[in-house]
Amino acid sequence: MFLLRLESVINRFSDLLGKVSAILFVLMLFNVFYDVIMRYLFNDVSIGMQELEWHLFAAMFMLGVPYTLKVGGHVRVDLIYERLSGNQKAWIDLAGTLGLLLPFCLLVGWYGVGFAREAFELGETSGDPGGLPYRWIIKAVIPFAFFSMAISGVGLLLRSINTLRGHHPVAHYQPPSH
Amino acid sequence: LAAIALPAQAADKVYRLKMAETWPSNFPIFGDAPRNMAAMAEKMSNGRLKITIDSKNKHKAPLGIFDMVRSGQYDMGHSASYYWKGKVPNTLYFTTMPFGMTAPEQYGWFYNGGGMELMEQVYSQYNLLSFPGGNTGNQMGGWFQKEINSLEDLQGLKMRIPGFAGEVLAKLGAKPTNIPAGELYTALERRTIDALEWVGPSLDLRMGFHKIAPYYYTGWHEPATELQFLVNQRSWNKLPEDLQEILRVAMRTAAYDMYIQSYHASAENWQRMKQEFPDIQVKSFPAEVISAMRKANDELLAEKAAQDPLAKQIIESQTAYMQKARVWTDISDKAYLNSLSAQ
Amino acid sequence: MIGIVMFFVALVMLLAGFPVAFTFGGVALLFGVFAEGPDMFAFMPFRIQSIMENTVLMAVPLFIFMGIVLQKTRLAEQLLESMGKLFGGVRGGLAISTVLVGALLAASTGVVGASVVAMGLISLPVMLKYNYDKSLACGTICASGTLGQIIPPSIILIILGDVLGIPVGDLFKAAVGPGFVLIGVYVLYILIYTWLKPEAAPSIPMDADVNSKREQYGKALKAIVPPLALILVVLGSIFAGVATPTESSALGGAGALLLALLYRQFSWKMVLDSATETVKVTAMVFAILLGATAFSMAFTYTGGDYIVEEVLSDLPGGQMGFLLLSMLAILVLGFFIDFVEISFIIVPILAPVADALGIAPLWFAILIAMNLQTSFLTPPFGFALFYLKGVAPPQVRTVDIYRGVMPFILMQVAIVVSILLFPDFYGLS
Ligand code: NA
Ligand code: NA
């Protein structure tokens with residue numbers, strides 16, 4: 001029961017990241033649109049607003065990755081996978097998460113911490129006139145996103161374990177990608 | 001016997017250094033400098049110093065050289081000091097400054113006017129050594145779609161001009177704009193931006209800007225862009241003294257070689273551009289604009305000097321040296337060229 | 001050597017069906033750590049940052065959003081259906097419309113991920129609704145989606161211009177001809193295919209209650225005009241210099257919302273739903289880029305680039321011999337590595353040889369660009385295939401996509417060969 005509850009807590013975390021990403025996307029759309037209009041109609045350009053575009057863009061897709069993992073949106077080569085039974089699919093996800101996903105995300109996340117800390121300690125800012133300060137914030141998105149991917153990965157792991165233990169209906173093990 | 005053999009063995013030991021450059025592979029001139037340096041160092045050391053170079057295409061971090069050399073992921077880097085001004089503001093002064101020194105003047109400052117010592121003071125805090133890495137010579141003021149006849153024409157001018165020079169123009173009402181390098185050509189052609197600066201004929205030719213913009217303005221903002229060799233302090237300390245000296249000489253020679261190569265390539269490429277597109281108009285900014293830009297530049301420098309004592313020291317050192325050297329430039333090269341054009 | 005082994009291990013692992021992105025990343029980690037130690041991964045944050053800062057890639061989510069809004073408001077469906085009807089009795093009308101819309105999208109951006117995904121969202125459901133053969137539908141979308149690489153403006157051409165030292169403008173001009181030929185050949189193929197196999201692409205039935213043909217056309221035009229106007233605004237904003245290609249995608253996104261407003265389909269819930277959907281697809285695309293950058297890092301840092309360099313610099317001489325072999329090498333490498341790697345790692349090795357053999361740089365560049373475009377379609381590492389799979393409904397299987405792109409790959413290769421043999425025809429000699 002604990003494992004089931006843990007899985008649903010993690011799922012809620014991933015969903016939250018999805019909501020944040022969606023809002024970041026809408027902000028980015030308006031940001032880019034605003035910049036085009038300002039430049040063309042009012043002949044005004046702001047480097048800070050231009051930089052904000054890619055800050056929003058980067059945070060949006062980085063935080064979107066763990067959410068997409070939770071909803072099963074990451075593409076698989078399913079030549080074989082689609083013919084497997086639910087239990088077999090669960091085994092593949094179990095092994096893949098332990099052997100591929102978790103080591104990768106944790107290692108990149110770990111090096112990301114040093115990367116962001118460096119920017120924090122130097123007080124790094126944009127090098128361009130009117131650019132954004134506090135570069136460490138966007139750099140910290142890297143470790144945060146990768147650790148979140150690891151957490152979402154644990155969610156996938158629990159899902160496969162809970163499936164193998166018979167807590168989830170095997171028939172539709174993997175949610176459709178769309 | 002062993003006592004005699006040992007030093008010989010030590011002398012034969014091969015030291016391998018990994019260097020990262022900001023430039024993509026096969027980037028002419030900028031990329032030739034580190035390769036030239038590595039080849040010289042290997043030859044001079046009789047093969048004991050081997051330097052491999054990874055370009056941007058391999059490490060994917062053109063503006064991460066500072067961090068990667070600092071952390072020891074690479075032993076060396078080839079880049080430009082002013083790229084780090086967002087991380088360490090005082091690195092700004094060791095590339096070139098608007099209305100600053102010309103290349104011979106600036107080399108004089110580096111090697112005889114206290115420049116190297118000041119650069120060391122800035123970089124040693126980060127366990128880095130920095131050396132001049134090759135000069136582009138005077139950079140052109142850029143390609144313009146419209147003529148600049150007065151200060152009024154700078155108002156709202158959308159120009160790709162990064163860094164400190166961009167700040168100067170922004171003070172006068174221009175709008176520095178960020179456009180990715182891959183979109184520059186399209187943006188200038190379709191007038192998404194009014195102007196851009198790149199380097200000079202040596203590297204502008206391959207970008208093709210001369211086909212789409214009528215005015216080529218002469219320079220003011222980068223009179224002597226000096227690239228940079230960065231060395232990790234620990235990697236440097238591991239080298240025996242003779243190899244340190246070989247490396248130092250190789251870097252200094254490669255820097256000088258690049259200055260010559262840039263000059264040559266600019267002359268060649270400018271001839272080609274002018275032949276293919278005889279309508280390109282070379283322009284200089286009117287006196288009113290130049291003096292306003294100069295004033296804005298001085299104000300910005302005064303602000304920086306007021307904020308940081310080391311910055312103040314560097315700016316004062318540069319200003320003092322330039323005043324002294326410029327008097328000589330005026331009665332030598334400048335007087336010579338003036339006397340010829342007066343005929 | 002490690003690089004080669006890594007390829008095959010990745011290949012086998014991918015077949016197991018674990019998400020592609022994390023398979024790439026995990027395999028890179030296994031081999032990278034084994035060969036060089038974990039510290040190699042200290043490079044990852046820098047590589048990730050270069051993806052984060054790549055504002056050209058910003059067009060990906062924005063075009064996806066435009067596609068999703070057009071889909072949710074059913075405007076895209078109407079556009080395609082009407083275009084299909086305009087072609088009247090022509091079978092395969094929807095597929096031809098897809099090619100044409102793909103060509104329009106291609107002319108406004110050079111981002112394959114964006115075009116394939118947008119077309120997958122817009123036209124795949126419509127084609128499936130009208131009982132199109134799944135393979136034909138998928139192949140058409142993947143191929144039309146990659147048109148953006150050859151029809152200017154295009155990222156491949158910009159990168160190649162940089163690497164080969166050719167002005168981008170010249171490359172853009174040179175690519176127009178081959179691009180049109182490609183579109184023509186696609187359309188021709190669809191016509192022939194549906195003529196031989198009518199049930200693969202049924203024509204859309206004319207509305208029974210409408211009598212006059214004129215009325216039918218009027219109705220079709222009404223459905224075509226708004227979304228087509230949107231696409232023209234996107235295109236026009238680039239050509240008029242109002243926006244860079246990246247920014248024009250934002251105009252497209254905002255424009256789609258405006259259309260939704262005009263057709264009384266707008267609600268904030270619709271916007272948020274579309275944004276969530278956009279995030280999902282975007283994250284899928286970028287996760288692959290994150291995994292692929294780890295993969296190519298492990299490949300190059302374990303010496304893979306030197307192996308490739310050695311093999312390529314030993315290619316036998318002779319203009320035709322060299323061209324044939326280098327094109328073959330690029331095509332085969334395209335199965336494994338992405339086009340940016342090829343442009344930056346392989347092309348610089350080939351360029352001096354081509355130069356020495358007196359091969360016209362523009363000709364060489366267009367050949368490479370065409371070839372790289374093909375590499376987006378070649379299984380198992382073709383990015384267009386991953387992207388389409390990511391947005392396709394569950395009943396579309398990987399096999400359908402693989403089978404669908406095969407004929408298009410053959411057509412591409414045929415055109416590459418024709419450029420090789422008849423450069424004069426394309427004005428490239
Ligand atoms: Na410059
Ligand atoms: Na394009």
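Note that the structure is a prediction, hence the values are computed from the model and not measured.

The next point concerns the overall build of chain B. Across its full length, chain B carries 13 helices and 11 strands. Taken over C-alpha atoms, the radius of gyration comes to 21 Å for chain B, in line with the 20 Å a tight globule of 343 residues would show. Partitioning the contacts of chain B with sequence separation of at least 6, the portion at a separation of at least 24 is 77%. Of the roughly 14700 Å² that chain B leaves accessible, carbon and sulfur atoms contribute 53%. Looking at chain B, you have 36 positive and 36 negative side-chain charges, and the mean spots of the two groups are 5 Å apart.

In this section: the interface of chain A and chain C. Residue-level contacts link 62 residues of chain A with 73 residues of chain C. For the pair chain A and chain C, the summed buried area comes to about 5900 Å², and 79% of that belongs to carbon and sulfur atoms. Taken together, chain A and chain C are joined by 0 salt bridges. Connecting chain A to chain C are 4 residue pairs in polar contact (both at pLDDT 80 or more). Sorting the residues of the side of chain A that touches chain C by element identifies helix 1 (2-42), helix 2 (47-70), helix 3 (78-81), helix 4 (86-122) and helix 5 (135-164) of chain A as the ones contributing at least two each. If one sorts the elements of the side of chain A that touches chain C by residue count, helix 4 of chain A sits on top with 15 residues. Looking at side-chain class alone, the side of chain A that touches chain C contains 42 nonpolar, 11 polar and 9 charged residues.

The next point concerns the coordination of the sodium ion (ligand 1). All names here are of chain B. At 2.2 to 3.1 Å from the sodium ion (ligand 1) lie its protein donor atoms, namely Gln139 (OE1), Glu197 (OE), Glu197 (OE) and Trp198 (O). Written as a sequence motif, the donor arrangement for the sodium ion (ligand 1) is Q-x57-E-W. Of this pair, Gln139 sits in the loop between strand 4 (128-135) and strand 5 (142-144) while Trp198 sits in the loop between strand 8 (195-196) and helix 9 (201-204), placing them 59 residues apart in sequence.

Below, the discussion takes up unusual backbone geometry. The phi torsion at Tyr134 of chain A lies on the positive side, around 55°, for a residue other than glycine. You can see Tyr134 of chain A is positioned in the loop between helix 4 and helix 5. When its relative accessible area of 55% is taken as the criterion, Tyr134 of chain A is described as exposed. For Lys60 of chain B, which is not glycine, the phi dihedral falls at a positive 60°. Summarising the element assignment, Lys60 of chain B is placed in the loop between helix 3 (56-59) and helix 4 (65-71).

This part takes up the sheet that holds strand 2 (residues 49-54) of chain B. Residue and element names in this part refer to chain B. Taken in spatial order, the 5 strands line up as 2-1-3-10-4 in an open sheet, and their pairing is mixed. Looking along the sheet, the strands with just one partner apiece sit at the ends: strand 2 and strand 4. Between one strand and the next, the sheet's axes are offset by a mean angle of 25°, whatever the strand orientation. Contacting strand 1 (15-21), strand 2, strand 3 (76-79), strand 4 and strand 10 (226-232), helix 2 (residues 32-44) crosses the sheet at an angle of about 165° to strand 2.

Take the interface of chain B and chain A next. Note on interface size: it is often stated as the accessible area lost on association of the parts. Taken together, the contact pairs 19 residues of chain B with 17 residues of chain A. Interface area for chain B against chain A, summed over the two sides, is near 1500 Å², with a carbon-plus-sulfur share of 49%. By the criterion of area lost to chain A, the three top residues of chain B are Gly86, Lys87 and Asn178 of chain B, representing 32% of everything that side buries. Our count for the chain B to chain A interface comes out at 3 salt bridges. A salt bridge links Lys175 of chain B to Asp44 of chain A, with the shortest nitrogen-to-oxygen separation between them at 3.0 Å. Joining chain B to chain A, the criterion identifies 4 residue pairs in polar contact (both at pLDDT 80 or more). Listed by contribution, the elements that provide at least two residues to the side of chain B that touches chain A are helix 4, helix 7 (163-171) and strand 7 (175-176) of chain B. Looking at the side of chain B that touches chain A residue by residue, the class counts come to 5 nonpolar, 7 polar and 7 charged.

With that settled, consider the packing of aromatic side chains. Residue and element names in this part refer to chain B. With the rule as written, the count across this model stands at 38 aromatic pairs over all chains. Here Tyr217 and Phe285 contribute two aromatic rings whose centre-to-centre distance is 4.5 Å and whose plane-to-plane angle is 15°, an arrangement assigned as stacked. Pair noted here: Tyr217 is in strand 9 (residues 215-217) and Phe285 is in the loop between strand 11 (281-283) and helix 12 (287-307), with a separation of 68 residues, a long-range link. The class for Phe285 is buried, based on a relative accessible area of 9%. Of the aromatic side chains, those joined through ring pairs into one cluster are Phe66, Tyr82, Tyr83, Trp84, Tyr123 and Tyr126. Seen from the ring of Tyr74, Lys18 lies directly overhead, with NZ or CZ sitting 5.9 Å from the centre. A cation over an aromatic ring shows up here: Arg252 above the ring of Tyr111, its NZ or CZ 3.6 Å from the ring centre.

Residues and elements named next belong to chain B. In terms of residue burial, helix 7 counts as a mostly covered element, since 7 of its 9 residues are buried. If you check which residues of helix 7 are buried, you get Gly163, Phe164, Ala165, Gly166, Glu167, Val168 and Leu169. Elements that come into contact with the buried residues of helix 7 comprise strand 6 (158-160), strand 7 and helix 12. Of the residues one or two after helix 7, Gly173 is the one with positive phi, at around 95°.

The next thing to look at is the sheet that holds strand 8 of chain B. A sheet is described by the order of its strands in space; here 6 strands give the open sequence 7-6-8-5-9-11 (chain B), paired in mixed fashion. A strand with exactly one partner marks an edge of an open sheet, and here the two such strands are strand 7 and strand 11 of chain B.

Residue and element names in this part refer to chain C. Along the chain, the position of Leu128 falls in helix 7 (residues 112-129). The buried category is assigned to Leu128, whose relative accessible area is 16%. In this structure, the C-alpha to C-alpha distance between Leu128 and Cys138, residues 10 residues apart in sequence, is 9.9 Å. Not counting residues up to four positions away in its chain, the partners in contact with Leu128 are Lys134, Pro393, Gln395 and Val396.

Take the environment of Asp128 of chain A next. Within the element layout of this structure, Asp128 of chain A appears in the loop between helix 4 and helix 5. For the pair Asp128 of chain A and Ala150 of chain A, spaced 22 residues apart in the sequence, the C-alpha separation amounts to 35 Å. In this structure Asp128 of chain A touches Ile47 and Glu51 of chain A together with Pro162, Gly163 and Asn178 of chain B, once residues within four positions along its chain are discounted.

What follows concerns the pairing of strand 10 of chain B. Residue and element names in this part refer to chain B. Among the 7 residues that make up strand 10, 7 are buried, leaving the element largely enclosed by the rest of the structure. Covered by surrounding structure in strand 10 are Glu226, Gln228, Leu230 and Asn232 together with Leu227, Phe229 and Val231, the residues of both alternating faces. The pairing of strand 3 with strand 10 spans 4 bridges and is antiparallel. In the strand pairing of strand 10, Met76 is matched with Val231. For strand 4 and strand 10, the ladder comprises 6 bridges, and the chain directions are antiparallel. Each bridged residue has a counterpart across the sheet, and for Pro132 the counterpart in strand 10 is Gln228.

A few words on the pattern of salt bridges. Inspection of every chain in the model, using the stated rule, returns 27 salt bridges over all chains. Close ionic contact of Arg117 of chain A with Glu121 of chain A constitutes a salt bridge, the shortest N to O distance being 4.0 Å. Of this pair, Arg117 of chain A and Glu121 of chain A both sit in helix 4, 4 residues apart, which is roughly one turn of the helix. Residue Glu121 of chain A is classed as exposed on the basis of its relative accessible area of 59%. One connected set of salt bridges, linked through shared partners, spans Glu124 and Lys139 of chain A together with Asp67 and Lys87 of chain B.

Residues and elements named next belong to chain B. Put simply, chain B has an average pLDDT of 92, and 96% of its residues get 70 or more. Note on residues 1-5: pLDDT is under 50 here. Beyond four places in sequence and across chains, it has 0 contacts. Two numbers describe this predicted complex: its pTM, 0.85, and its ipTM, 0.88.

Cut-offs and rules
Residues numbered from 1 in each chain as written. Chains lettered and ligands numbered in written order. Predicted model: local features only at pLDDT ≥ 70, side-chain atom pairs only at ≥ 80, totals over all residues. Heavy atoms only, no water. Helix = DSSP H or I, 4+ residues; strand = E, 2+ residues; numbered from the N terminus. Rg over C-alpha atoms; globule rule 2.2 N^0.38 Å. Contact = heavy atoms within 4.5 Å. Areas by Shrake-Rupley, 256 points an atom, 1.4 Å probe, with all protein chains shown as cover. Lys, Arg positive; Asp, Glu negative; His and termini not counted. Charge placed at Lys NZ, Arg CZ, Asp CG, Glu CD. Buried area = accessible area lost by both parts, 1.4 Å probe. Salt bridge = Lys/Arg side-chain N within 4 Å of Asp/Glu carboxyl O. Polar contact = N/O pair within 3.5 Å; in protein donor to acceptor, adjacent residues only side chain to side chain. Nonpolar A, V, L, I, M, F, W, Y, C, P; charged D, E, K, R; others polar. Donors = N, O, S within 2.8 Å, 3.2 Å for Na, K, Ca; no water. Buried < 20%, exposed > 50% of the residue type's maximum accessible area, 1.4 Å probe, protein only. Pairing = 2+ DSSP bridges. Axes fitted to C-alpha atoms, helices over the stretch in contact; angles between N-to-C directions. Phe/Tyr/Trp six-rings, centres within 6.5 Å; stacked < 30°, edge-to-face > 60°. Lys NZ or Arg CZ within 6 Å of the ring centre and 35° of its normal. pLDDT = per-residue confidence, 0-100.

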